[in-house]
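# Observations on the three-dimensional arrangement
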Amino acid sequence: MRSTYITKPLEIERKWYVVDAEGLNLGRLASQVAHVLRGKHKPIFSPSVDTGDYVIVINADKVQVTGRKMEQKIYVRHSGFIGHRKETTLKDMLDKKPEYVLHHAVKGMLPKNNLGRKMFSKFHVYAGPEHKHQAQQPEVLTFDNL
């Protein structure tokens, strides 16, 4: 006889949340967003089922970091050819692609499997204050401990 409750995918109710990243710390914001994407804030959380909600982050270009990370944190990419490794600092990445910074941070905090990729598809980031998901009527999500 099984006493543990297992969440079924049809029982999940998903909500849409919008988060203003202006002035928030990058790592702390990413961990809280990953927490909501994963569904750990719900009492029906199950590790093998995607119980998470949709998250929209606006003002990603105004996110902050502590210490000297603007100059010292490096994003690396490689073309596949010998010697074609490219390095970009966090400061340059925030100027060129501010959405990528949050994408990279949140993706690293989700599971590395099919379920994690499904969770990540519910994450939307915008550099400015506007987003295109008004039809979903997202609720404002604030984090008390940030």
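Preceding this paragraph is the structure being described.
Residues numbered from 1 in each chain as written. Predicted model: local features only at pLDDT ≥ 70, side-chain atom pairs only at ≥ 80, totals over all residues. Heavy atoms only, no water.

## Some points on the packing of aromatic side chains
For the structure shown, the criterion picks out 3 aromatic pairs. When the ring of Tyr75 is compared with that of Tyr100, the centres are 5.8 Å apart and the planes differ by 70 degrees; the resulting orientation is edge-to-face. Note that Tyr75 is positioned in strand β3 (residues 74–78) and Tyr100 in helix α4 (residues 98–107), a separation of 25 residues in sequence. Here Tyr100 falls in the partly exposed class, since its relative accessible area comes to 34%. The ring of Tyr75 carries Lys73 above its face, with NZ or CZ at 5.2 Å from the centroid. (Phe/Tyr/Trp six-rings, centres within 6.5 Å; stacked < 30°, edge-to-face > 60°. Helix = DSSP H or I, 4+ residues; strand = E, 2+ residues; numbered from the N terminus. Buried < 20%, exposed > 50% of the residue type's maximum accessible area, 1.4 Å probe, protein only. Lys NZ or Arg CZ within 6 Å of the ring centre and 35° of its normal.)

## Here we look at the pairing of strand β2 (residues 54–58)
For β2, the buried fraction is high: 4 of the 5 residues fall into the buried class. Where strand β1 (residues 16–20) and β2 come together, 5 bridges link them in parallel fashion. Its bridge partner being in β2, Val19 is matched across the sheet by Val57. Remark: the β1/helix α1 (residues 26–38)/β2 crossover connection has right-handed handedness. Relative to strand β5 (residues 123–125), β2 runs parallel, the two sharing 3 bridges. The residue of β5 that forms the bridge with Ile56 is His124. (Pairing = 2+ DSSP bridges. Right-handed = clockwise from strand over helix to strand, strands pointing away.)

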